[in-house]
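# Overview (structure and organization)
As a plain string of letters, each chain reads:
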Amino acid sequence: MDIFMDAFHGRKISLLQLLQSEKRFFTILELSDVLSVTPITVDKAVDSLIEDFQELSMPCTIIKNDEKIKKVKVNIGNTFSIEELKWCYMTNNFLFQALDDMFHRQFGDVKTYAEKNFTSLTMAYKKFSSMETVLKSFDLKFNFSADFELEGTETQIRYFYFNLYWSVYDGHYWPFQIEKERLTSVVDEIEILQGRQLPLARREFYYFFIGVSITRLIQGNYIYDIPIDVDSFVQYDFEAVRPFYDLLHYVLDESVDTEIFLNELSFLGLISYAFE
């Protein structure tokens, strides 16, 4: 989701990619021409990258020659990852942090959140409004009531948050409440149901979707909005969904209605094939 990469950080990523393309000094004028921005803008981006590398302790340094013709060159360490830098930029984005806080039920209200982030209330609402098109593509919208949250069906909310976390973390960081190891038997069973060994990236894909679903379940958000033939699904082969059954018993309170339990059981079975 590019919406979590603002223009300045995006420009720094483009600048770094250009500097990485050749092991030589680039003039500021050359960089400004390629990036279609002013030399002053490039200079500011270079200085900002230098600060970022120092602050984040990244194995990357920029050599800046401040002679009459300004030149810069980048030295990249073996362990440096531009994807990690993107991850740092996106996770510090106002909107991403707000949505992450909402997902983990730590948001509070817009006024308090704006003050905490040194942003005016007007600017905060403007930032949230910039998400409207993205949310609409998931059939969701912000509910600006006292309980500021996403409004829409539970399946769409889970799908949105899966896309959010997958696009930002790409499987390299686990942002969910439940221990990842608890989901291994379920992902293993998905491989059995599909009759093939899943590539590592695809296994992570399923870990993330199940991680979103289980977090929402623990918070008391249940599936009501899709018609599933529960009886046919469960009676078809109960042993095939045993890991799903055991996982739900682990995370759900015993007082949860049987229909809700079976709906969630069927939903886990459904997503086992939904992305293939």
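Treat the numbers as computed from the prediction; the structure is a model and nothing was measured.

## Overview of the overall build of the protein chain
Of the regular secondary structure elements, the protein chain holds 14 helices and five strands. Principal-axis analysis of the C-alpha atoms gives the protein chain an extent of 80 × 45 × 30 Å. Across the 276 residues of the protein chain, 45% fall into the buried class. Look at the contacts in the protein chain between residues 6 or more apart in sequence, and 66% of them connect residues 24 or more apart. Entry remark: accessible area of the protein chain is about 15,000 Å², with carbon and sulfur atoms responsible for 50%. Put simply, the protein chain has 26 plus and 43 minus side-chain charges, and the middle of one group is 11 Å from the middle of the other.

## Observations regarding helix α5 (residues 94-103)
α5 sits mainly inside the fold: nine of its 10 residues count as buried. Here α5 has its buried residues at Phe94, Leu95, Phe96, Ala98, Leu99, Asp100, Asp101, Met102 and Phe103. A side-chain oxygen of the first residue of α5 lies 2.8 Å from the backbone nitrogen of Leu95; this N-cap is Asn93.

## Quick notes on the pairing of strand β2 (residues 60-65)
Pairing between β2 and strand β3 (residues 71-76): six bridges, direction antiparallel. Within β3, the residue paired with Cys60 across the bridge is Ile76. Between the end of β2 and the start of β3, which pair antiparallel, lie five residues.

## A short note on the environment of Asn93
Tracing the backbone shows Asn93 in the loop between α4 (82-91) and α5. Separated by 89 residues in the primary sequence, Asn93 and Phe4 have C-alpha atoms spaced 5.9 Å apart. When neighbours within four sequence positions are excluded, Asn93 is seen to be in contact with Ile3, Phe4 and Met5.

## Some thoughts on the environment of Gln17
With respect to the element layout, Gln17 can be found in helix α1 (residues 7-20). Leave out the neighbours within four places in its chain, and Gln17 touches Ile82 and Lys86.

## A word on the pattern of salt bridges
Enumeration over the complete set of coordinates arrives at 17 salt bridges. With a shortest N-O distance of 2.7 Å, Asp47 and Lys64 are connected by a salt bridge. Of this pair, Asp47 sits in helix α3 (residues 39-55) while Lys64 sits in strand β2, and the two are 17 residues apart along the sequence. Assessed through its relative accessible area of 24%, Lys64 is described here as partly exposed. A salt bridge links Arg158 to Glu154, with the shortest nitrogen-to-oxygen separation between them at 2.8 Å.

## Section: a nonpolar patch on the surface
On the surface, a nonpolar cluster with roughly 260 Å² of combined accessible area is contributed by Leu121, Tyr125 and Phe144. By the element assignment, Leu121 lies in helix α7 (residues 121-129).

## As for the nonpolar core
Leu99, Leu150, Tyr161, Tyr165 and Ile210 are the most contacted members of the largest nonpolar core, which totals 88 residues. Beyond its immediate chain neighbours, meaning those up to four positions away, Tyr165 contacts Phe96, Asp100, Phe103, His104, Asp170, Pro175, Phe176, Phe208 and Val212.

## Re the pairing of β3
Sheet topology note: the strand β1 (residues 26-27)/β3 ladder contains two bridges and is antiparallel. Along β3, the bridge assignment pairs Thr27 with Lys71.

## Structural notes on the packing of aromatic side chains
In this structure the tally under the stated criterion is 39 aromatic pairs. On the basis of an interplanar angle of 45 degrees and a centroid distance of 4.9 Å, the ring pair of Tyr169 and Tyr173 is categorised as tilted. Here the basic side chain of Arg24 rests over the ring of Phe26, its NZ or CZ set 4.0 Å away from the ring centre. The ring of Phe205 has Arg202 lying over it, and the distance from NZ or CZ to the ring centre is 4.5 Å.

## Focus on the sheet that holds β1
Read from one edge to the other, the open sheet built from three strands follows the order β1-β3-β2, with strand pairing classed as antiparallel. Lying at the two open borders of the sheet, with one neighbouring strand each, are β1 and β2. α1 rests against β1, β2 and β3 of the sheet, and its axis sits at about 80 degrees to β3. Lying on the sheet, α3 is in contact with β2 and β3; it crosses β2 at an angle near 145 degrees.

## Things to note about the state of the cysteines
On inspection of all chains with the given rule, the structure shows zero disulfides. We note that Cys60 lacks a disulfide partner, and the nearest cysteine sulfur, in Cys88, lies 13 Å from it.

Thresholds, definitions, all that
- Residues numbered from 1 in each chain as written.
- Predicted model: local features only at pLDDT ≥ 70, side-chain atom pairs only at ≥ 80, totals over all residues.
- Heavy atoms only, no water.
- Helix = DSSP H or I, 4+ residues; strand = E, 2+ residues; numbered from the N terminus.
- Buried < 20%, exposed > 50% of the residue type's maximum accessible area, 1.4 Å probe, protein only.
- Contact = heavy atoms within 4.5 Å.
- Areas by Shrake-Rupley, 256 points an atom, 1.4 Å probe, with all protein chains shown as cover.
- Lys, Arg positive; Asp, Glu negative; His and termini not counted.
- Charge placed at Lys NZ, Arg CZ, Asp CG, Glu CD.
- Polar contact = N/O pair within 3.5 Å; in protein donor to acceptor, adjacent residues only side chain to side chain.
- Pairing = 2+ DSSP bridges.
- Salt bridge = Lys/Arg side-chain N within 4 Å of Asp/Glu carboxyl O.
- Patch = residues over 30% accessible without salt bridge, like charges linked within 9 Å, V, L, I, M, F, W, Y side chains within 5 Å.
- Core = buried A, V, L, I, M, F, W, Y, C linked by side-chain atoms within 4.5 Å.
- Phe/Tyr/Trp six-rings, centres within 6.5 Å; stacked < 30°, edge-to-face > 60°.
- Lys NZ or Arg CZ within 6 Å of the ring centre and 35° of its normal.
- Axes fitted to C-alpha atoms, helices over the stretch in contact; angles between N-to-C directions.
- Disulfide = S-S within 2.5 Å.

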